2 protein chains.
Amino acid sequence: MWQYKTSVVWKDGKIGESHSSGNLPIEMSTPPDFGGPRNRWSPEQLLTSSVAACIMTTALFFFEKGGVELHSYMSNATGTMEKTSQGLSITKMQIDVTVTSQSAEQEALVRRAMKSAKKNCPISNALKCPVEMRLQVESVEAS
Amino acid sequence: MWQYKTSVVWKDGKIGESHSSGNLPIEMSTPPDFGGPRNRWSPEQLLTSSVAACIMTTALFFFEKGGVELHSYMSNATGTMEKTSQGLSITKMQIDVTVTSQSAEQEALVRRAMKSAKKNCPISNALKCPVEMRLQVESVEAS
């Protein structure tokens with residue numbers, strides 16, 4: 001069993017700060033669409049980020065296991081919230097990942113590792129809504 | 001419909017950086033228990049944080065609606081991950097909230113607002129696992 005601890009303290013207005021031992025604090029607030037200021041992480045952005053981060057860290061595990069030599073990895077993620085009969089609900093996570101490996105021969109390994117990452121990401125699996133991934137695989141040689 | 005966008009870029013080793021327009025970037029990594037460095041936000045801490053942050057921002061909405069004059073708000077949250085037959089799973093979120101209002105008469109209003117916040121928090125509701133809240137209500141007068 002693993003446990004992850006964090007604290008949130010209200011600062012002022014719609015702004016708070018999130019702490020976790022040893023990490024830089026994160027200033028967060030209600031999203032601008034709901035009356036919060038700009039330039040702060042909203043809970044919804046943090047959630048979307050946690051999914052994207054978890055897919056990356058899980059992928060790094062499978063890249064290592066599968067012998068992928070990574071050149072670059074980046075992803076854009078979008079979390080969607082909608083008004084439903086149950087109130088505001090997170091209805092979808094879309095994640096677009098671009099992975100560049102060191103050689104064209106590794107592209108198949110990358111695809112296999114990303115498939116495992118998507119399937120085994122504990123945070124994607126913790127959500128009720130679908131998590132959809134689009135994957136683009138490139139290599140330094142081919143570009 | 002509301003959309004929340006974020007990007008994650010791999011930096012080196014087990015470390016990445018998460019961005020979202022206008023916000024300070026968050027350095028994140030694989031948790032130390034799984035081979036990552038210390039002093040970075042893990043995806044699991046970000047998830048736990050998003051739940052705690054969302055309960056706070058939802059509470060702020062209901063405090064305003066219910067006429068609560070807030071003195072302070074803080075919460076400690078713990079996310080639990082376990083190995084299950086489906087692999088690593090987030091099995092529980094525990095959140096301990098302490099709210100201090102300006103006057104003892106407001107304590108009932110605080111309790112009602114927190115009950116609504118717990119029920120309506122879109123991120124708690126997005127998770128498959130139980131989210132348990134313990135609430136302590138105080139007031140400046142009483143302390």
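What counts and how
Residues numbered from 1 in each chain as written. Chains lettered and ligands numbered in written order. Predicted model: local features only at pLDDT ≥ 70, side-chain atom pairs only at ≥ 80, totals over all residues. Heavy atoms only, no water. Helix = DSSP H or I, 4+ residues; strand = E, 2+ residues; numbered from the N terminus. Buried < 20%, exposed > 50% of the residue type's maximum accessible area, 1.4 Å probe, protein only. Contact = heavy atoms within 4.5 Å. Areas by Shrake-Rupley, 256 points an atom, 1.4 Å probe, with all protein chains shown as cover. Lys, Arg positive; Asp, Glu negative; His and termini not counted. Charge placed at Lys NZ, Arg CZ, Asp CG, Glu CD. Pairing = 2+ DSSP bridges. Axes fitted to C-alpha atoms, helices over the stretch in contact; angles between N-to-C directions. Least-squares fit on C-alpha atoms with pLDDT ≥ 70 in both. Parallel < 35°, antiparallel > 145°, perpendicular 65-115°, else oblique. Nonpolar A, V, L, I, M, F, W, Y, C, P; charged D, E, K, R; others polar.

K.L.:
How should the overall build of chain A be read in this particular structure?
P.N.:
A count of helical and extended segments in chain A gives 3 helices and 6 strands. Going from the N terminus to the C terminus, chain A shows its helices and strands as β-β-β-α-β-β-α-α-β. Taking the principal axes of its C-alpha atoms as reference, chain A extends roughly 55 × 40 × 35 Å. Residues classed as buried in chain A amount to 52% of the 143 residues present. Here the analysis covers contacts within chain A between residues at least 6 apart in sequence; of these, 55% occur between residues at least 24 apart. As displayed, chain A has an accessible area near 6600 Å², and 49% of this comes from carbon and sulfur atoms. A gap of 9 Å separates the mean positions of the 15 positive and 14 negative side-chain charges of chain A.

K.L.:
Even after reading the chapter, I still don't get the sheet that holds strand β1 (residues 2–12) of chain A, so can you show me in this structure?
P.N.:
Hydrogen bonding along the main chain pairs the strands of a sheet, whether they run parallel or antiparallel. Strand order in the open sheet made by the 6 strands is β3(A)-β2(A)-β1(A)-β4(B)-β5(B)-β6(B), with mixed pairing throughout. One side of each edge strand has no neighbouring strand; the edge strands of this open sheet are β3 (26–29) of chain A together with β6 (131–139) of chain B. Taking each pair of neighbouring strands and ignoring which way they run, the sheet shows an average axis angle of 20°. Strand direction decides the pairing type here: β1 of chain A and strand β4 (residues 70–84) of chain B, joined by 8 bridges, are antiparallel. Along β4 of chain B, the bridge assignment pairs Lys5 of chain A with Thr78 of chain B. In the packing of helix α1 (residues 43–66) of chain B onto the sheet, the strands contacted are β1, β2 (15–19) and β3 of chain A together with β4, β5 (87–101) and β6 of chain B, and the crossing angle to β1 of chain A comes to about 35°. Running at roughly 160° to β6 of chain B, helix α2 (residues 107–120) of chain B makes contact with β4, β5 and β6 of chain B of the sheet.

K.L.:
Honestly, the relation of the copies chain B and chain A in this entry has me stumped. Any pointers?
P.N.:
Relating one copy of the chain to the other takes a rotation about an axis and a shift parallel to that axis. Overlaying chain B with chain A gives an RMSD of 0.0 Å, the required rotation being 180° about an axis along which the chain moves by 0.0 Å. The relationship between the two copies is best expressed as a two-fold rotation axis. Closest approach to the rotation axis among the C-alpha atoms of chain B is made by Leu127 of chain B, whose C-alpha sits 2.4 Å away. In this assembly, 100% of the residues forming the interface of chain B have copies in chain A that are likewise at the interface, indicating an isologous arrangement.

K.L.:
What is the right way to read the sheet that holds strand β6 (residues 131–139) of chain A from this model?
P.N.:
Taken together, 6 strands build an open sheet; the order of strands is β6(A)-β5(A)-β4(A)-β1(B)-β2(B)-β3(B) and the sheet is mixed. In this open sheet, the two edge strands, each paired with only one partner strand, are β6 of chain A together with β3 (26–29) of chain B. Strand-to-strand twist of the sheet, defined as the mean angle between neighbouring strand axes without regard to direction, takes the value 20°. For strand β5 (residues 87–101) of chain A and β6 of chain A, the ladder comprises 9 bridges, and the chain directions are parallel.

K.L.:
In this structure, what is going on with the packing of helix α1 (residues 43–66) of chain A against α1 of chain B? I would like to understand it.
P.N.:
Packed helix pairs are characterised by how far apart their axes lie and by the angle those axes make with each other. Look at α1 of chain A against α1 of chain B: their axes get within 8 Å of each other, and the N-to-C directions meet at 170°. It follows that α1 of chain A is roughly antiparallel to α1 of chain B by the angle criterion. Across the interface between the two elements, Pro43, Leu46, Leu47, Ser49, Ser50, Ala53, Cys54 and Thr57 of chain A from α1 of chain A touch Pro43, Leu46, Leu47, Ser49, Ser50, Ala53, Cys54 and Thr57 of chain B from α1 of chain B. For the contact of α1 of chain A with α1 of chain B, the per-class residue count stands at 10 nonpolar, 6 polar and no charged.

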